[in-house]
Amino acid sequence: MRARDQLRLDTLRSALSGFTYKRSESGAELSDADELDVLRRLVKQRGDSVSEYEKAGRTDLADKERAEREILLAYLPPQRSEAEIREIVQSVLAELPPENRNAGAVMKVVMPQLKGVADGNLVRQVVSEELSA
């Protein structure tokens, strides 16, 4: 507030609002995992908004959502890179028998390992690329 960074202030207030909503919804104090889930949901919402605003030609709103997303990402654990995800997917594919190598089976094994540290859409894309290769 003292820095007069209104965008950051509004973004952090929305995160606090998300925490309050989740706390009232569950009726109990939030664990660290619950707080991270709220932040991930807010980041995902911002990402979805960016794509929708770009489709509509509203670059001003898309830029604002992008900036908010970057602020929220600073409070999440670092995400895995595409190369790290690819290594995990390749190791899972090596362990699966050839008749069980489909996207659903691979995602079922990979997602618990990458929950919270990788974007699901990126994981899905890497799995489909590896299965087609």
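These notes cover the structure that comes with them. Since we're looking at a predicted model, the values are computed, not measured.

**Overview of the side chain of E68**
Here E68 shows up in helix α3 (residues 59-73). The buried category is assigned to E68, whose relative accessible area is 5%. Only 2.8 Å separates the side chain of E68 from the side chain of K64, close enough to count as a polar contact.

**Some remarks on helix α1 (residues 6-26)**
With 21 residues, α1 should cover 30 Å at 1.5 Å per step; its first-to-last C-alpha distance of 30 Å lies within 8% of that length. Those residues of α1 that fall on the buried side of the exposure criterion are L9, T11, A15, G18 and F19. Its buried side turned inward, α1 meets α2 (32-55) and α3. Looking at the residues trailing α1, positive phi occurs at G27, about 80 degrees.

**Points about the nonpolar core**
Proteins that are soluble and globular tend to have nonpolar side chains buried together. With 14 residues, the main nonpolar core has I85, V89, V106, V110, L114, V123 and V127 as its most contacted residues. Going through the elements one at a time, α4 (82-95), α5 (103-114) and α6 (120-132) are the ones with two or more residues in this core. Counting residues per element, this core draws most heavily on α4, which supplies 5 residues. In this structure, L30, V38, L72 and L76 belong to the second largest nonpolar core, which totals 9 residues.

**Overview of the packing of α1 against α3**
Remark: α1 packs on α3, axes separated minimally by 10 Å, with the N-to-C direction vectors making an angle of 65 degrees. As for the relative orientation of α1 and α3, their crossing is right-handed in sense. Touching L7, R8, T11, L12 and A15 of α1 are K64, A67, E68, I71 and L72, all from α3. Residues of the contact of α1 with α3, tallied by class, amount to 6 nonpolar, 1 polar and 3 charged.

**Things to note about the pattern of salt bridges**
Tallying each qualifying case throughout the model produces 13 salt bridges. Its salt-bridge partner being R86, residue E82 comes within 2.8 Å of it at the nearest N-O pair. With E82 and R86 both in helix α4 and 4 residues apart, the pair spans about one turn of that helix. In this structure E82 comes out as partly exposed when scored by relative accessible area, which is 36%.

**As for the environment of Q79**
Inspection of the secondary structure assignment puts Q79 in the loop between α3 and α4. For Q79, the contacting residues outside a window of four places in its chain are G116, V117, A118 and D119. Side-chain polar atoms of Q79 contact the backbone nitrogen of A118, separated by 3.3 Å.

**A look at the side chain of T11**
Here T11 lies in helix α1. Those residues in contact with T11 that sit more than four places away from it in its chain are E68, I71 and L72.

**What about the packing of α2 against α3?**
Running from N to C, α2 and α3 cross one another at 160 degrees; their axes reach a closest spacing of 8 Å. Here α3 runs roughly antiparallel to α2, going by the angle between their axes. In the crossing of α2 with α3, the sense of the turn from one axis to the other is left-handed. Residue-level inspection shows L39, L42, V43, R46, G47, S49, V50, Y53 and E54 of α2 in contact with α3, the latter providing L61, A62, E65, R66, E68, R69, L72 and L73. Partitioned by chemical class, the residues of the contact of α2 with α3 number 9 nonpolar, 2 polar and 6 charged.

Each value, and the rule that gives it
- Residues numbered from 1 in each chain as written.
- Predicted model: local features only at pLDDT ≥ 70, side-chain atom pairs only at ≥ 80, totals over all residues.
- Heavy atoms only, no water.
- Helix = DSSP H or I, 4+ residues; strand = E, 2+ residues; numbered from the N terminus.
- Buried < 20%, exposed > 50% of the residue type's maximum accessible area, 1.4 Å probe, protein only.
- Polar contact = N/O pair within 3.5 Å; in protein donor to acceptor, adjacent residues only side chain to side chain.
- Expected span 1.5 Å × (residues − 1).
- Contact = heavy atoms within 4.5 Å.
- Core = buried A, V, L, I, M, F, W, Y, C linked by side-chain atoms within 4.5 Å.
- Axes fitted to C-alpha atoms, helices over the stretch in contact; angles between N-to-C directions.
- Left-handed = near helix turned anticlockwise from the far one by under 90°.
- Nonpolar A, V, L, I, M, F, W, Y, C, P; charged D, E, K, R; others polar.
- Salt bridge = Lys/Arg side-chain N within 4 Å of Asp/Glu carboxyl O.
- Parallel < 35°, antiparallel > 145°, perpendicular 65-115°, else oblique.

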